Amino acid sequence: MTDATPEPPSGLRALLPDLAPWRASRDFRRLWFAGLVSNFGSFLTFVALPVQLKELTGSAAAVGAIGAVELIPLVVFGLYGGALADAWDKRKLIVWTEVGQGLLSAFLLLNALLPTPAVWPLYVVAALSSALVSVQRPALDSLWPRIVAHDQLPAAAALNSFRWTLGGVAGPALAGVVVAYAGLGWAYGADLLTFVVSVVLVLRIAASPASHEAVKPSLKAIAEGARYAWSRKELLGTYAVDLAAMFLAMPLAVLPFLADELDAEWSLGLMYASVPLGALLVSATSGWTSRIHRHGRLVVLSAALWGLAIAAAGLAGDVWLVLLFLTVAGGADMVSGVFRAAMWNQTIPDELRGRLAGIELLSYSVGPTVGQVRSGGFATWWGVRTSVWSGGLLCVGAVGLLALCLPKLMTYDVRTNEHAVRLREQREAEAPTST
């Protein structure tokens, strides 16, 4: 890796993704491709597992219970995984959790090949997979600032978002074809193969041991990370804004009913694809993000736009307008995600990065989960469309209130923020390593 920062793109090139992190860091490229491969495989299982549960039980409640068994491991291991990421070698954590995920895929494959597949392994795998992901994500998120130059971190966040949204759009489509025409066994087998490829790629990146200031994983260490997050009001604002947006305006649970009300059952798949499509369009034209310095302001404005777009989708009577507004919402959410990641990566000290990444994991994972409960409850009480548009407007109000209560979020500027300046100077003082 090198800390030399190329000039930002100009003209039409400013609309294209900034590839500076990709060119400068071999480890970034390897980790990016590893994530792309395993992401496609994970979406195969993401689709195949509920399909198999539906076939085995015929119960919508049984399928919905997958989310319930995933939630507790997500909360517990997300926080503990952050402490592990600060105390252990990050590369080893990523490798061993990838190996664990591969073993779980092998277990699903063996179960699918039985004459009468059992139901209980599906729930066990869902819970264990949630735990492994929760341990891996803080290690992965805290590794990026080590392998990417400080000023290239916003571009790296955009490229990682592009990788994720590419899988989010193409992965489920590919999974549907594989499950429908090849069978569940092929889906699980392909997922297992992607983990093998990912492990090989990750093994080739440089070791990333704990910093000298690292502390052992413990409740005290987790509490230390929480206290630091509380002391940083601009960081606290990013967590709170994202939680508010996802809790109040996440409509995915009611989209099947919205399609029915619009007499457009055929549009359900397009509705589910619209949000990641909007995110993909933004991440594919993300070169402009390198020119933005007031990241907190963009987090707030894009979260408010997410809420407005969701409200418009709930009020629209034409299905094509609904699809348009859902796409706009997905793009706005991606903008918020890129600048949240930039603020985290450019200001959090290395010795706390894992624990703060664990808190981040909760902020962007728990919100959508409980948000779907909210949208479903509102739909039951007041109707589907009211649930959607009211959630969007509540989101706008909550984000505006948070912006007023947390002025440091709105005034954050990466050029002058004391934490960003300190971390940038520290990175510049370090001797550059080779690519």
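Right, let's walk through the structure included here. Everything numeric here is computed off the predicted structure, so don't read it as measured data. Counting starts from 1 at the beginning of each chain's written sequence and moves along it residue by residue. Selection of residues for local features in this predicted model requires a pLDDT of at least 70, selection of side-chain atom pairs for listing and counting requires 80 or more, and totals for whole chains, interfaces and linings are taken over all residues. Side-chain measures were taken over the full set of non-hydrogen atoms in the model, leaving aside hydrogen atoms and water.

**Considering the side chain of Arg232**
If you trace the backbone, Arg232 turns up in the loop between α8 (219-231) and α9 (233-249). Polar contact is the term for a pair of N or O atoms within 3.5 Å; when the atoms are in protein, one must be able to donate a hydrogen and the other to accept it, and sequence-neighboring residues count only if both atoms are side-chain atoms. Here the side chain of Arg232 touches Thr347 through a polar contact of 2.9 Å, side chain to side chain. The contact criterion used is simple: two residues touch if any of their non-hydrogen atoms lie within 4.5 Å. In this structure, Arg232 is in contact with Thr347, Asn417 and His419, ignoring residues within four places of it in sequence. A helix here means a DSSP run of H or I that spans at least four residues, while a strand means a run of E at least two residues long, and both kinds are numbered starting from the N terminus.

**Points about the packing of aromatic side chains**
Here a Phe, Tyr or Trp ring, Trp counted by its six-membered ring, pairs with any other such ring whose centre lies within 6.5 Å, and the pair is stacked when the planes are under 30 degrees apart, edge-to-face when over 60, and tilted otherwise. Considering all chains together, one arrives at 10 aromatic pairs under this definition. Ring geometry for Phe378 and Trp381: centres 6.2 Å apart, planes at 45°, overall tilted. Here Phe378 pairs with Trp381, and both are found in helix α14 (residues 353-382), just 3 residues apart, close to one helical turn. On the basis of relative accessibility, which here comes to 18%, the residue Phe378 falls in the buried class. Partly exposed describes any residue whose relative accessible area lies between the buried limit of under 20% and the exposed limit of over 50%, with all areas from a 1.4 Å probe on protein chains only and scaled to the type maximum. Since its relative accessible area comes to 61%, Trp381 is described here as exposed. Geometrically, a lysine NZ or arginine CZ counts as sitting over a ring once it is within 6 Å of the ring centre and also within 35 degrees of the ring normal. One cation-aromatic arrangement involves Arg374 over Phe378; the distance from NZ or CZ to the ring centre is 4.6 Å.

**Quick notes on helix α4 (residues 90-113)**
Taking 1.5 Å of rise per residue, the 24 residues of α4 would be expected to cover 34 Å, and the 35 Å separating its terminal C-alpha atoms lies within 8% of that figure. At the N-terminal boundary of α4, the capping side chain belongs to Asp89, with an oxygen 2.9 Å from the backbone nitrogen of Arg91. Residue count minus one, scaled by 1.5 Å, sets the expected span of a helix.

**Considerations on the packing of α8 against α9**
Interaxial angles span 0 to 180 degrees and are taken between N-to-C directions of axes, which are lines fitted to C-alpha atoms, for helices over the stretch in contact. Contact pair α8 / α9: the axes reach a minimum separation of 5 Å and the direction vectors enclose 100°. Classified by the interaxial angle, the pair formed by α8 and α9 is roughly perpendicular. Listed contacts from α9 to Tyr228, Ala229, Trp230 and Ser231 of α8 are Lys233, Leu235, Leu236 and Tyr239. Tallied by class, residues from the contact of α8 with α9 come to 6 nonpolar, 1 polar and 1 charged. Roughly parallel means an angle under 35 degrees; roughly antiparallel means over 145; roughly perpendicular covers 65 to 115; every other angle is labelled oblique. Three classes are used, and their members are as follows: Ala, Val, Leu, Ile, Met, Phe, Trp, Tyr, Cys and Pro are nonpolar, Asp, Glu, Lys and Arg are charged, and the others, Gly among them, are polar.

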